[in-house]
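Coordinates in review
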Amino acid sequence: MRRSLLVRQLARRLLSNVPESTVYGGPRPQESSAARRVTVTTLRGKHRRGEPITVVTAYDYPSAVHVDSAGIDVCLVGDSAAMVVHGHDTTLPITLDLMLEHCRAVARGATRPLLVGDLPFGCYESSAAQAVDSAVRVLKEGGMDAIKLEGGAPSRISAAKAIVEAGIAVMGHVGLTPQAISVLGGFRPQGRTVDSAVKVVETALALQEAGCFSVVLECVPAPVAAAATSALQIPTIGIGAGPFCSGQVLVYHDLLGMMQHPHHAKVTPKFCKQFGNVGNVINKALSEYKKEVETRTFPGPSYTPYKITPTDVDGFANALQKMGLSDAADAAAAAAENSGTEGGPKE
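Parameters and conventions
- Residues numbered from 1 in each chain as written.
- Predicted model: local features only at pLDDT ≥ 70, side-chain atom pairs only at ≥ 80, totals over all residues.
- Heavy atoms only, no water.
- Salt bridge = Lys/Arg side-chain N within 4 Å of Asp/Glu carboxyl O.
- Buried < 20%, exposed > 50% of the residue type's maximum accessible area, 1.4 Å probe, protein only.
- Helix = DSSP H or I, 4+ residues; strand = E, 2+ residues; numbered from the N terminus.
- pLDDT = per-residue confidence, 0-100.
- Contact = heavy atoms within 4.5 Å.
- Axes fitted to C-alpha atoms, helices over the stretch in contact; angles between N-to-C directions.
- Parallel < 35°, antiparallel > 145°, perpendicular 65-115°, else oblique.
- Left-handed = near helix turned anticlockwise from the far one by under 90°.
- Nonpolar A, V, L, I, M, F, W, Y, C, P; charged D, E, K, R; others polar.
- Expected span 1.5 Å × (residues − 1).
- Phe/Tyr/Trp six-rings, centres within 6.5 Å; stacked < 30°, edge-to-face > 60°.
- Pairing = 2+ DSSP bridges.
- Right-handed = clockwise from strand over helix to strand, strands pointing away.
- Polar contact = N/O pair within 3.5 Å; in protein donor to acceptor, adjacent residues only side chain to side chain.
- Arc of directions from axis to C-beta.
- Core = buried A, V, L, I, M, F, W, Y, C linked by side-chain atoms within 4.5 Å.

**As for the pattern of salt bridges**
Counted under the stated rule, the structure contains ten salt bridges. Close ionic contact of E51 with R49 constitutes a salt bridge, the shortest N to O distance being 2.9 Å. The class for E51 is partly exposed, based on a relative accessible area of 34%. Of the charged contacts in the structure, one is a salt bridge between D97 and R137, with a shortest N-O distance of 2.9 Å. Taken together, the residues span a long stretch of sequence, with D97 in helix α5 (residues 96–109) and R137 in helix α6 (residues 128–140) at a distance of 40 residues. Among the charged side chains, a salt-bridge network with shared partners connects D97, R137 and E141.

**Describing the confidence of the model for the protein chain**
Across the protein chain, the average pLDDT comes to 85, with 81% of residues at or above 70. In this model, residues 29–33 is a region of pLDDT below 50 whose contacts with residues beyond four sequence positions or in other chains number one contact.

**Quick notes on the packing of helix α9 (residues 194–210) against helix α10 (residues 222–231)**
The N-to-C vectors of α9 and α10 enclose an angle of 30°; their axes lie 9 Å apart at closest approach. Of the possible angle classes, the one that applies to α9 and α10 is roughly parallel. By crossing handedness, the relation of α9 to α10 is classed as right-handed. From α9, A197, V200, V201 and L205 reach across to α10, where they touch V224, A227, A228 and A231. Class assignment of the residues belonging to the contact of α9 with α10 gives a composition of eight nonpolar, no polar and no charged.

**Here we look at helix α13 (residues 278–294)**
Between the first and last C-alpha of α13 there are 24 Å, a value that for 17 residues agrees with the 24 Å anticipated at 1.5 Å per step. R296 sits one or two residues past α13 and shows a positive phi near 60°.

**Examining the packing of aromatic side chains**
Per the stated rule, a full pass over the model turns up two aromatic pairs. Geometrically, the ring pair formed by Y289 and F298 is edge-to-face, given 6.2 Å between the ring centres and 65° between the ring planes. A centroid spacing of 5.8 Å and a plane angle of 50° characterise the contact between F298 and Y303, whose relative ring orientation is tilted. What links up through ring pairs into an aromatic cluster is the set Y289, F298 and Y303.

**A few points about the packing of helix α14 (residues 310–322) against helix α15 (residues 326–338)**
Look at α14 against α15: their axes get within 7 Å of each other, and the N-to-C directions meet at 165°. Taken as axis vectors, α14 and α15 run roughly antiparallel relative to one another. α14 and α15 meet at a crossing whose hand is left-handed. Each of V313, F316, A317, L320 and Q321 in α14 lies in contact with α15, whose residues at this interface are S326, A328, A329, D330, A332, A333 and A336. When grouped by side-chain class, the residues that make up the contact of α14 with α15 number nine nonpolar, two polar and one charged.

**Observations concerning the pairing of strand β7 (residues 236–239)**
Judged by which residues are buried, β7 turns out to be covered on both faces: T236 and G238 on one side and I237 and I239 on the other are all buried. Looking at chain direction, strand β6 (residues 214–218) and β7 are connected through four bridges and run parallel. Looking at β7, one finds that V215 is bridged to T236. Each parallel crossover has a hand, and the one from β6 via α10 to β7 is right-handed. Note: β7 against strand β8 (residues 247–250), two bridges, orientation parallel. Bridging from a neighbouring strand, G238 pairs with Q248 of β8.

**Quick word on the side chain of T90**
With respect to the helices and strands, T90 occurs in the loop between α4 (81–84) and α5. At 3.2 Å, the side chain of T90 and the backbone nitrogen of L92 are in polar contact.

**Some remarks on α6**
The periodicity of an α-helix, 3.6 residues per turn, causes residues three or four positions apart to be oriented the same way. Here α6 spans 18 Å end to end across 13 residues, near enough to the 18 Å set by a 1.5 Å rise per residue. Every buried residue belonging to α6 is among A131, V132, S134, A135, V138 and L139, and all of these are buried. When α6 is viewed along its axis, its buried side chains cluster within an angular range of 165° and face the same direction. The exposed set on the far side of α6, more than 90 degrees from its buried face, consists of D133 and K140. Buried residues along α6 sit in contact with α5, β3 (114–118), β4 (146–148) and α7 (154–165).

**Thoughts on the nonpolar core**
Membership of the largest hydrophobic core comes to 63 residues, with the highest contact counts inside it found for L119, M144, I147, L149, I163 and L217. Those residues in contact with L149, other than ones at most four positions away along the chain, are L119, Y124, R156, A159, A160, I163, V170, M171, G172 and H173. With 16 residues, the next largest nonpolar core counts V74, L114, V116 and V249 among its residues.

**Let's talk about the pairing of β6**
Burial within β6 is extensive, with five of its five residues counted as buried. A two-sided burial pattern is seen for β6, the buried positions comprising S214, V216 and E218 on one face and V215 and L217 on the other. In terms of strand pairing, strand β5 (residues 169–175) meets β6 through five bridges, oriented parallel. Bridge pairing in β6 links M171 to S214.

Structure, rendered in structure tokens:
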């Protein structure tokens, strides 16, 4: 049964890029709307109807399963993995090969959402051809449905256009673009002056013209995000951009309150609401585990399920004696005698 379930999940993932209407129009199994694959067409429909789009990042199989189970529309495998998974201060160090590992793990765990993989810094800036090659790898090797790239410089617009023309869906990203912190002078909000605000809107329009199916607006004032959302005919996905976007995205670890470590505190953005306090639950559980191991209350009889008959214990002890391992024989006999009681060996 488990094998059958895995086969069905794999089949759904392999079909993730198939359009909803296809030339292969034979009979199709009935699906509930809750279980139907999210595609770019799905997002366009939600945008047209004014329904908010939900986006959450994931970086591994367990987080992908959680995002999938929650019914989130888009699962973004973000280069933010560099910071929240690998402990870097910026997104710059992560490589395409490492991103592909994250993408594959997420693709195994999420069968329903649209899967979008970030193009990390250094794999698409040199030329449109490099950008297309990297995007192809994200789909073919990473199992993603689409890619995301940052920025609105002419070279980035050209890269987005080339990737779309290669048949790959592209999500744009303007405002604060973490890969450009060398130029921006750090993680700084954008769109706070007239010129900067106009640039955000112009860049978003240029990405739309290049064929992007949506644009992330990061760390811009709400009026700027509202203007961009009004000007565009494609969905905007806000992160630290206020409530007037077509949808919202947050980082998995941030919204769950996963970590209270000083490193994570310094990379947790001010705009993020913590919808849970998972970090405290994890810390408490680990502390309780440590205490029970140190006091020898874990594992007790309930968590020692594998038994050996008294006859076999005697035979085992005799065999150990013949091997010259008298202490080991005594330990086995004592363990058998005390296996029904809490606690481990006495000091």
